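Each chain is listed here by its residues.
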Amino acid sequence: AQSVTQLGSHVSVSEGALVLLRCNYSSSVPPYLFWYVQYPNQGLQLLLKYTSAATLVKGINGFEAEFKKSETSFHLTKPSAHMSDAAEYFCAVSDRGGLTFGTGTRLTIIP
Amino acid sequence: GAVVSQHPSRVICKSGTSVKIECRSLDFQATTMFWYRQFPKQSLMLMATSNEGSKATYEQGVEKDKFLINHASLTLSTLTVTSAHPEDSSFYICSARTGSGYGYTFGSGTRLTVV
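Residues numbered from 1 in each chain as written. Chains lettered and ligands numbered in written order. Predicted model: local features only at pLDDT ≥ 70, side-chain atom pairs only at ≥ 80, totals over all residues. Heavy atoms only, no water.

S.K.: Which residues make up unusual backbone geometry, and what values go with them?
M.R.: In this chain, His7 of chain B is followed by Pro8 of chain B through a cis amide linkage whose omega measures -5°. Positionally, Pro8 of chain B belongs in the loop between β1 (4–7) and β2 (10–13). Positive phi outside glycine occurs at Asn61 of chain A, with the angle close to 60°. Judged by its relative accessible area of 45%, Asn61 of chain A falls in the partly exposed class. (Helix = DSSP H or I, 4+ residues; strand = E, 2+ residues; numbered from the N terminus. Buried < 20%, exposed > 50% of the residue type's maximum accessible area, 1.4 Å probe, protein only.)

Put into structure tokens, the structure is as follows:
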């Protein structure tokens with residue numbers, strides 16, 4: 001079975017600083033990987049996805065992620081954090097149709 | 001873009017009663033719908049996969065008689081929590097596969113509280 005591990009359940013960065021949220025995957029086949037953002041009591045919004053095309057994937061709101069097969073990683077980055085980026089972020093991998101999610105990382109932005 | 005409408009957004013019910021949650025695909029046909037559950041401060045866990053016109057496939061540990069899923073049309077899937085108990089209180093989210101690739105659109109979720 002495929003799985004993802006998100007390192008760091010809580011990450012705090014200052015406004016304007018680099019955002020780095022870590023995700024490592026486990027898969028016996030080329031994976032399809034996703035990053036979603038969730039605001040309180042809301043559904044999930046897709047930030048970006050990797051589907052075996054370009055390894056550097058650009059998403060919405062200035063986020064991007066790089067697929068590194070050698071490191072089995074798909075870390076999410078944003079050069080400059082905004083207050084509106086404060087939310088819960090989930091990494092996910094496709095698994096028999098439905099998605100398997102990581103445990104999530106809560107991002108806090110310090111003014 | 002593809003939109004999945006989920007209702008109700010919040011529901012409070014008494015223990016022992018049943019609650020139905022609906023998910024509608026508004027501008028596309030959802031052949032496959034996924035149902036997830038999210039406990040407070042936890043991740044989403046896939047409960048079941050439903051395909052239009054066939055029986056749902058439940059994940060290990062999910063009681064199919066308790067969580068009834070119906071996907072009778074290409075635009076509507078429902079999840080009924082039968083004989084609800086306080087431990088069923090959770091956030092339930094549906095998701096539809098969109099397009100021919102790995103695209104998934106999520107509903108806005110339903111907060112179920114069983115008292």
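S.K.: I'd like a description of the nonpolar core, backed by residues and values.
M.R.: If you look at the biggest cluster of nonpolar residues, it comprises 26 residues, and the most contacted ones within it are Trp35, Leu48, Phe74, Leu76 and Tyr89 of chain A. Mapped by element, the contributors of at least two residues to this core are β2 (10–14), β3 (19–21), β5 (33–38), β6 (44–50), β8 (64–68), β9 (73–78), β10 (87–95) and β12 (105–110) of chain A. In terms of residue count, β10 of chain A provides more of this core than any other element does, 4 residues in total. Aside from chain neighbours lying at most four places away, what touches Phe74 of chain A is Cys23, Leu33, Phe34, Trp35, Leu48, Tyr50, Val57, Ala65, Glu66 and Phe67 of chain A. Formed by 25 residues, the second largest nonpolar core is a distinct cluster that contains Val19, Ala30, Ala48 and Val114 of chain B. (Core = buried A, V, L, I, M, F, W, Y, C linked by side-chain atoms within 4.5 Å. Contact = heavy atoms within 4.5 Å.)

S.K.: I'd love a proper account of the state of the cysteines, names of residues and values included.
M.R.: Linking two cysteines covalently through their sulfur atoms gives a disulfide. Here the structure, examined in full by the defined rule, presents 2 disulfides over all chains. Between Cys23 of chain A and Cys91 of chain A runs a disulfide, and the two sulfur atoms are separated by 2.0 Å. In this structure, the disulfide formed by Cys23 of chain A and Cys91 of chain A twists by about -60° around the S-S bond and is classed as left-handed. Taken together, the positions of Cys23 of chain A in the loop between β3 and β4 (24–26) and Cys91 of chain A in strand β10 put the pair 68 residues apart, joining distant regions of the chain. Across the pair, Cys91 of chain A and Cys23 of chain A agree in class, each one buried. Sulfur-sulfur distance for the disulfide between Cys23 of chain B and Cys94 of chain B comes to 1.8 Å. Taking the sign of the S-S torsion, about -95° here, the bridge from Cys23 of chain B to Cys94 of chain B comes out left-handed. Placement of the pair is Cys23 of chain B in strand β3 (residues 19–25) and Cys94 of chain B in strand β9 (residues 90–98), with a sequence separation of 71 residues. The class of Cys23 of chain B is buried, set by a relative accessible area of 0%. Residue Cys13 of chain B stays outside any disulfide, its sulfur separated by 17 Å from that of Cys23 of chain B, the closest cysteine. (Disulfide = S-S within 2.5 Å.)

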